[in-house]
Amino acid sequence: TPIDREREEQNENQDEGGREMSIREILKDGEPALSKVCHPVTQFDQKLWDLLDDLKETLAQANGVGLAAPQVGILRRAVIVMDENFEPMELVNPEIIAQEGEQNGLEGCLSVPGLWGYVKRPEWVKVRAFDRNGNAFEVEGTGLTARCFCHELAHLDGHLYTELTDRLYNSDELDELMEENEA
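Parameters at a glance
- Going along each chain's sequence as written, the residues are numbered from 1 onward.
- Local features in a predicted model are, by the rule used here, given only for residues with pLDDT of at least 70; side-chain atom pairs are given and counted only at 80 or more, and totals for whole chains, interfaces and linings are based on all residues.
- Water and hydrogen atoms play no part in the side-chain values, which are based on all heavy atoms of the structure.
- Helix and strand definitions here come from DSSP, where helices need a minimum of 4 consecutive H or I residues and strands a minimum of 2 consecutive E residues; each element is numbered from the N-terminal end.
- When a residue's accessible area, from a 1.4 Å probe over protein chains only, is under 20% of the maximum for its type it is buried; when over 50% it is exposed; and in between it is partly exposed.
- What makes two residues a contact is simply this: any of their non-hydrogen atoms within 4.5 Å.
- Accessible surface is estimated by sampling points in the Shrake-Rupley manner with a 1.4 Å probe; for residues, cover comes only from the protein chains shown.
- Put simply, a nonpolar core is a bunch of buried Ala, Val, Leu, Ile, Met, Phe, Trp, Tyr and Cys residues held in one set by side-chain atoms that sit within 4.5 Å of each other.
- In the sections that follow, a salt bridge refers to a side-chain nitrogen of Lys or Arg positioned within 4 Å of a carboxyl oxygen of Asp or Glu.
- We call a pair of cysteine sulfur atoms a disulfide whenever their separation is within 2.5 Å.
- By convention, a stacked pair of Phe, Tyr or Trp rings (six-membered ring in the case of Trp) has centres within 6.5 Å and planes under 30 degrees apart, an edge-to-face pair has planes over 60 apart, and any other such pair is tilted.

Draft legend 1. Geometry of the overall build of the protein. Counting its regular elements, the protein contains 4 helices and 7 strands. Secondary structure elements of the protein, listed N to C terminal, follow the sequence α-α-β-β-β-β-β-β-β-α-α. For the protein, buried positions account for 40% of its 183 residues. For the protein, restricting intrachain contacts to residue pairs at least 6 apart in sequence, the fraction spanning at least 24 positions comes to 64%. Surface summary for the protein: the accessible area is close to 10,500 Å², and the carbon and sulfur share equals 46%.

Printed below as a string of structure tokens:
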């Protein structure tokens, strides 16, 4: 029936607790929140859980690999990073506690749409963070995951990857560059 269909559609937009999930607007380069240092999370409560759920929902809708709270205008130290299995990891008050090696690769950012640049990052990174309930944990990543940790944590201190690259490429230039590298 039409009423059943309407209920199903409403349930698709709710989390397990019945809360309406929100896809938040991702701020673009130039917005003041993106250049501010974020405050530590001090309360591990429903407000934080809602933020983390919204970050995951927004990230999934945007097809990204990481999203930080300041990118949706919230100046709190919370990020979502996709792991090697493309499962979202919630990191609250994260900090890099160890890193090794070096990699140079392309990065993009949901706050800098349509542009990419080469950035040097560590090959391996270890992060200490808290989960949504305030439990401390450590997680390690290599390659893309290490790059994502560095990229997203930089957002928490008001930095964008564009500060670390010599040149930005648009999609046409990037296609050209990829074709040249294949030849």
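Picking up after the structure, the text goes on.
Draft legend 2. Representation of the nonpolar core in the model. Ranked by internal contacts, the top residues of the largest apolar core, which has 16 residues, are Val79, Val81, Leu91, Val125, Val127, Val139 and Phe149. Elements with a contribution of two residues or more to this core: β2 (78-82), β3 (88-100), β6 (124-130) and α3 (143-156). Top contributing element to this core by residue count: α3, with 6 residues. In contact with valine 127, not counting residues within four places along its chain, are Pro94, Glu95, Ile96, Ile97, Phe137, Glu138, Val139 and Phe149.

Draft legend 3. Molecular detail of the pattern of salt bridges. The final tally for this structure, using the stated rule, is 11 salt bridges. Here glutamate 107 and arginine 147 are joined by a salt bridge, their closest N and O atoms 2.6 Å apart. Of this pair, glutamate 107 sits in strand β4 (residues 103-109) while arginine 147 sits in helix α3; the two residues are 40 residues apart in sequence, bridging distant segments of the chain. Each member of the pair glutamate 107 and arginine 147 is classed as buried. Close ionic contact of arginine 128 with glutamate 138 constitutes a salt bridge, the shortest N to O distance being 3.5 Å. One end of the pair, arginine 128, is in strand β6; the other, glutamate 138, is in strand β7 (residues 136-142), and 10 residues separate them in sequence. On the accessibility criterion, glutamate 138 (45% relative accessible area) is partly exposed.

Draft legend 4. Structural detail: the state of the cysteines. As enumerated under the stated definition, the model contains 0 disulfides in all. Sulfur of cysteine 148: no disulfide; nearest cysteine sulfur belongs to cysteine 150 and is 9.4 Å away.

Draft legend 5. Expanded view of the packing of aromatic side chains. By the definition in use, this model includes 2 aromatic pairs. With a centroid separation of 6.1 Å and 55 degrees between ring planes, the pair formed by phenylalanine 44 and phenylalanine 130 is classed as tilted. Within this pair, whereas phenylalanine 44 is found in the loop between α1 (2-12) and α2 (46-62), its partner phenylalanine 130 is found in strand β6, the two being separated by 86 residues in sequence. Both rings, one in tyrosine 118 and one in tyrosine 169, keep their centres 6.2 Å apart while their planes meet at 90 degrees; by these two values the pair is edge-to-face. Here tyrosine 118, found in strand β5 (residues 112-121), pairs with tyrosine 169, found in the loop between α3 and α4 (171-182); they are 51 residues apart in sequence, far enough to count as distant. Since its relative accessible area comes to 28%, tyrosine 118 is described here as partly exposed.

Draft legend 6. How the structure looks around the environment of glutamate 95. With respect to the secondary-structure elements, glutamate 95 resides in strand β3. Along the chain, glutamate 95 and valine 127 lie 32 residues apart, while their C-alpha atoms are 5.5 Å from each other. Glutamate 95 has contacts with Lys126, Val127, Arg128 and Leu153, leaving out every residue within four places of it along the chain.

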